[in-house]
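# An overview of the molecular structure
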Amino acid sequence: MDKTAKIYIAGHRGLVGGAIVRNLQEKGYTNLLTHTHAELDLTDQKATEAFFAGEKPDYVFLAAAKVGGILANDLYPAEFIRDNLVIQTNIIDAAYKNNAKRLMFLGSSCIYPKLAAQPMKEASLLTGPLEPTNRPYALAKIAGIEMCWSYNRQYGTRYIAVMPTNLYGPGDNYHPENSHVIPALIRKFHEAKMCNSPTVTVWGTGTPKREFLYNEDMADACVFLMNLPDEKYNQFLGSDESTTGTFEPPVVNIGMGEDLTIAELAEAVKQVVGFSGTIDFDSSKPDGTPRKLMDVTRLKNTGWNASTSLSKGLLLAYGDFQNRLPVTQQR
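Residues numbered from 1 in each chain as written. Predicted model: local features only at pLDDT ≥ 70, side-chain atom pairs only at ≥ 80, totals over all residues. Heavy atoms only, no water.

## A short note on the packing of helix H6 (residues 181–194) against helix H10 (residues 262–273)
Two numbers describe how H6 lies on H10: the axes approach to 9 Å, and their chain directions differ by 45°. Of the possible angle classes, the one that applies to H6 and H10 is oblique. In this structure, the crossing between H6 and H10 has a hand that is right-handed. Residues Val181, Ile182, Leu185, Ile186, Phe189, His190 and Lys193 of H6 touch H10, and the partners they reach there are Ile262, Leu265, Ala266, Val269, Lys270 and Val273. Of the residues belonging to the contact of H6 with H10, the class tally is 10 nonpolar, 1 polar and 2 charged. (Axes fitted to C-alpha atoms, helices over the stretch in contact; angles between N-to-C directions. Helix = DSSP H or I, 4+ residues; strand = E, 2+ residues; numbered from the N terminus. Parallel < 35°, antiparallel > 145°, perpendicular 65-115°, else oblique. Left-handed = near helix turned anticlockwise from the far one by under 90°. Contact = heavy atoms within 4.5 Å. Nonpolar A, V, L, I, M, F, W, Y, C, P; charged D, E, K, R; others polar.)

In structure tokens form, the structure reads like this:
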């Protein structure tokens, strides 16, 4: 990407979108397009098409989505499938109609089957049933992948989809009901420390294994992939299965390539926050998928590797959480 290329980051206020903006700015890109929801409602097809027709971005990072943890997915399944389908459909089609050079669609590791072989390869897509607690969200993301794939085959577009593992870091959502596991744990342990509570209760048995990636590393991987020369970038566009006989979706996994149990994660967060009590596990609450580890071979073969360890990332994330609290709650 040329430093003056017009680059649209959809969802620039989110955990990943914000990190992508920072990464691009640090690398010297000067023509970034960002709009808040109030300025541009991406569920509005006409408004989205008018924006693309007027701006004609060269590159698109599609990071806009309705997201949330297990509880939010369980409470609002209709919104999770409806809003995500509409947002991604509007953007992908508008990008095609206005000749965007490349588009990157950000998905989620939940697109893979609940019991997929570990670590999960890109070819695991559509090989088994999904985890039911986030199936509506996962199906919307799978539809986005298929849309990129279909446009590549029919229209010759150059769209890829990246599947991040579980993300955390600056700008995360620490809402008590709608947050993901790391920000939820950071808030739980901090509030318990502030109140001198003797124990913190964590959902589930603590046995599921999860992989976590610092959001600034995720952003760096996205910008790295978008900048690949054509001969390397083109290998991720997916093949026409009816011609090649090979199931090869336009998907690249992004992760650390290593995981840990939720119990181990809870202990790590406890230490970072400085909570001195005990941890209880509520086995009546859902565990979700038993294990979700990404196979990042395709990504590593491009020369990119994550640079932020979980221990360092948790310290940075807790610092971000504290900086966003009132002074009286930052002890």
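## Digging into the pattern of salt bridges
Scanning the model with the defined rule gives 15 salt bridges in all. Ionic pairing is found between Lys6 and Glu55, a salt bridge with its closest N-O pair at 3.5 Å. Residue Lys6 is found in the segment before strand S1 (7–10), and its partner Glu55 is found in helix H2 (residues 45–55); the two are separated by 49 residues along the sequence. Between Arg22 and Glu216 there is a salt bridge, with its nearest N and O atoms 2.6 Å apart. Taken together, the residues Arg22 in helix H1 (residues 15–26) and Glu216 in helix H7 (residues 215–226) connect sequence positions 194 residues apart. Here the salt bridges share partners, and the residues they tie into one network are Glu49, Asp93 and Lys97. (Salt bridge = Lys/Arg side-chain N within 4 Å of Asp/Glu carboxyl O.)

## Thoughts on the nonpolar core
As a rule of thumb, soluble globular proteins bury nonpolar side chains together. By size, the foremost hydrophobic cluster in this structure holds 40 residues, and its most contacted members are Tyr8, Ile91 and Leu103. Of all the secondary-structure elements, those providing two or more residues to this core are S1, H2, strand S3 (59–62), helix H4 (77–97), strand S4 (102–106), helix H5 (135–155) and strand S5 (159–164). At 7 residues, H5 tops the list of elements feeding residues into this core. Excluding anything up to four places from it in sequence, Leu103 contacts Val60, Ile91, Ile92, Ala95, Cys148, Arg158, Tyr159, Ile160, Met226 and Tyr233. In this structure, Ala5, Ile7, Phe61 and Met218 belong to the second largest nonpolar core, which totals 36 residues. (Core = buried A, V, L, I, M, F, W, Y, C linked by side-chain atoms within 4.5 Å. Buried < 20%, exposed > 50% of the residue type's maximum accessible area, 1.4 Å probe, protein only.)

So, to be careful, I would describe these as geometric facts and stop short of saying anything about function.
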